[in-house]
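# Coordinate inspection notes
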Amino acid sequence: MSNTELQMVARADAKIMNRSDLTRRLVARLNAQEAVIGGIGNTNFDLWASGQRPQNFYMLGSMGLAAPIAMGVALAQPQRKVFALEGDGSLLMQLGALGTVAANAPRNLAIIVWDNGLYQITGSQKTLTSTGTDLVSIARGAGLRQSAWAADEAHFEAMVDRALAGDGPWFIAVRIDGAGPAGMTERDPAKIRLRFMQGLGVVSQS
Ligand SMILES: Cc1ncc(C[n+]2csc(CCOP(=O)(O)OP(=O)(O)O)c2C)c(N)n1
């Protein structure tokens, strides 16, 4: 689809939604073994709580790596759609990734950022989005033309459907509340990696 078809709302007009709810809505729309890379902390906790698909990867310790990992998967497996889920604080720590994604332009990649204006998991210190930094503007400036704020839940689902059906890369920004996650990822990196590699079909199931 062309950029002009994207419904554009300003960050200030985007509805404040709930990460656990929208993570479930995203996962419910997947039907072709799409990969989903959950960023550190609450972002991957909610992905875990939405159901543990073998195509899910849970980033346990490093901020800002959901999009870089997802880009690698997208480039390695161009037939598979890949979603990166990242918190605003984590994305702000790794902004160069947006330019790298734009430069490589994987058509099968969508980045979703959950913007609560907080480093919530470490004590809810404020991030720069709480004082006006606009991640969609940054993404566009980095070269990701198909970038937009989700106006509400229905618009979020429509953008996910577009990412599933059309060529990306996509950048979907979502304002979220300060509610905690719906669960807690089991902290076993070796198991997470093995299951993900099996889910991507790069190692056998046995
Ligand atoms: C390089 C680095 N600095 C600091 C931390 C500690 N830390 C872990 S998660 C986190 C906050 C993440 O914020 P955000 O991505 O916005 O997600 P939220 O907690 O709001 O869901 C911080 C500061 C870390 N893991 N790595």
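Look up a bit, the structure's there.
Residues numbered from 1 in each chain as written. Predicted model: local features only at pLDDT ≥ 70, side-chain atom pairs only at ≥ 80, totals over all residues. Heavy atoms only, no water.

Moving on, we come to the pairing of strand β1 (residues 35-38). Remark: a regular strand shows side chains that alternate across the two faces of the sheet. Burial along β1 is two-sided: Ala-35 and Ile-37 facing one way and Val-36 and Gly-38 facing the other are all buried. Two strands pair when backbone bridges link them, and β1 and strand β3 (residues 82-87) are joined in this way by four bridges, in the parallel orientation. The partner of Ala-35 across the bridge, within β3, is Val-82. Note that β1 and strand β2 (residues 56-58) share three bridges and pair parallel. Within β2, the residue paired with Gly-38 across the bridge is Tyr-58. (Buried < 20%, exposed > 50% of the residue type's maximum accessible area, 1.4 Å probe, protein only. Helix = DSSP H or I, 4+ residues; strand = E, 2+ residues; numbered from the N terminus. Pairing = 2+ DSSP bridges.)

To continue, consider the sheet that holds β3. Across the sheet, which stays open at both edges, the six strands sit in the order β2-β1-β3-β4-β8-β7 with parallel pairing between neighbours. The open sheet has two edge strands, β2 and β7 (147-149), and neither has a second partner. Averaged over all adjacent pairs, the angle separating strand axes in this sheet is 15 degrees, with direction ignored. Direction of pairing for strand β4 (residues 109-115) relative to strand β8 (residues 170-175): parallel, over a ladder of six bridges. If you follow Ile-112 over to β8, its bridge partner there is Ile-172. In this fold helix α3 (residues 66-76) packs onto β1, β2, β3 and β4, with an angle of close to 175 degrees to the strand it touches most, β3. Along the sheet, helix α8 (residues 189-199) makes contact with β1 and β2, crossing β2 at roughly 160 degrees. (Axes fitted to C-alpha atoms, helices over the stretch in contact; angles between N-to-C directions. Contact = heavy atoms within 4.5 Å.)

With the rule as written, the count across this model stands at nine salt bridges. Its salt-bridge partner being Arg-25, residue Asp-21 comes within 3.1 Å of it at the nearest N-O pair. In this pair, Asp-21 and Arg-25 both sit in helix α1 (residues 19-28), four residues apart, roughly one turn of the helix. A salt bridge links Glu-157 to Arg-29; the shortest N-O distance between them is 3.6 Å. Here Glu-157 is found in helix α7 (residues 153-165), whereas its partner Arg-29 is found in the loop between α1 and β1, with 128 residues between them in sequence. Take Glu-157: its relative accessible area is 18%, and that puts it in the buried class. Here the residues in one salt-bridge network are Asp-21, Arg-25, Arg-29, Glu-157 and Asp-161, joined through shared partners. (Salt bridge = Lys/Arg side-chain N within 4 Å of Asp/Glu carboxyl O.)

This brings us to the site of the ligand. As a matter of local geometry, the ligand sits amid 16 residues, with Gly-89, Ser-90, Leu-118, Gln-120 and Ile-121 nearest to it. At 2.9 Å from an oxygen atom of the ligand is found a main-chain nitrogen or oxygen belonging to Ile-121. In isolation the ligand has 580 Å² of accessible area, and contact with the protein removes 73% of it. Here the shell around the ligand takes four residues from helix α4 (residues 88-93), the largest share from any one element. (Near = heavy atom within 4 Å. Polar contact = N/O pair within 3.5 Å; in protein donor to acceptor, adjacent residues only side chain to side chain. Areas by Shrake-Rupley, 256 points an atom, 1.4 Å probe, with all protein chains shown as cover.)

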